[in-house]
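Close look at the chain arrangement
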Amino acid sequence: MLKIISRPSQLSGKALKESYALHGRYCLLIEDFNQAKEFAQKLLALDAHSLAGLSLLAWALEGLEKYEAAIDILQKLEHESWRQYPRSYEPPEEIIYRIQRLEEKLGKK
């Protein structure tokens, strides 16, 4: 017997955050950076310390060629990574690399 249930009209907090992150990553794939930025901002409105939200926002800003703003967000992401994972043995290399790459684009290094 198959039971059909309706989808809830509103997602729970965790499911809503996951939905925003998923939709935002999809927007990055299709290079709709403005829409990706909006999903990142919605995610960060729910959780200002979201690593996924900060990363998504940084990628969106980079896609919009707002490199200095992307660097600022990446620095927040690096700080937040250390705050959330203080016992980590490895530095967040991808974040560090992305900051360096954007600084090179701006001619800072």
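Our structure is the block above this text.
Described below are features of the structure shown in this document. (Residues numbered from 1 in each chain as written. Predicted model: local features only at pLDDT ≥ 70, side-chain atom pairs only at ≥ 80, totals over all residues. Heavy atoms only, no water.)

Here the focus is the overall build of the protein chain. Along the protein chain, the regular secondary structure elements total 5 helices and 0 strands. Helices and strands in the protein chain line up, N terminus first, as α-α-α-α-α. For 109 residues, the compact-globule estimate of 2.2 N^0.38 gives 13 Å, and the C-alpha radius of gyration of the protein chain, at 16 Å, exceeds that figure by more than 25%. Overall size of the protein chain, expressed as C-alpha extent along the three principal axes, is 65 × 35 × 25 Å. The buried share of the protein chain, taken over its 109 residues, is 33%. Considering only residue pairs separated by 6 or more positions, the protein chain has 50% of its internal contacts joining residues 24 or more positions apart. Just so you have it, the protein chain exposes about 7,800 Å², and 53% of that area is on carbon and sulfur atoms. With 16 positive and 16 negative side-chain charges, the protein chain shows a separation of 8 Å between the mean positions of the two kinds. (Helix = DSSP H or I, 4+ residues; strand = E, 2+ residues; numbered from the N terminus. Rg over C-alpha atoms; globule rule 2.2 N^0.38 Å. Buried < 20%, exposed > 50% of the residue type's maximum accessible area, 1.4 Å probe, protein only. Contact = heavy atoms within 4.5 Å. Areas by Shrake-Rupley, 256 points an atom, 1.4 Å probe, with all protein chains shown as cover. Lys, Arg positive; Asp, Glu negative; His and termini not counted. Charge placed at Lys NZ, Arg CZ, Asp CG, Glu CD.)

Turning our attention to the pattern of salt bridges. When the charged atoms of two side chains lie near each other, side chains of opposite charge can form a pair. Counted by the stated rule, this structure contains 5 salt bridges. A salt bridge links Lys-17 to Asp-47; the shortest N-O distance between them is 3.9 Å. With Lys-17 in helix α1 (residues 13-29) and Asp-47 in the loop between α2 (33-46) and α3 (51-63), the pair connects residues that are 30 residues apart, well separated along the chain. Its relative accessible area of 29% is what places Lys-17 among the partly exposed residues. For Asp-47, a relative accessible area of 23% puts it in the partly exposed group. A salt bridge links Glu-94 to Arg-98, with the shortest nitrogen-to-oxygen separation between them at 3.7 Å. Placement of both Glu-94 and Arg-98 in helix α5 (residues 93-105) is noted, with a separation of 4 residues, approximately one turn of the helix. Overlapping salt bridges, with partners in common, bring together Glu-62, Arg-101 and Lys-105 in one network. (Salt bridge = Lys/Arg side-chain N within 4 Å of Asp/Glu carboxyl O.)

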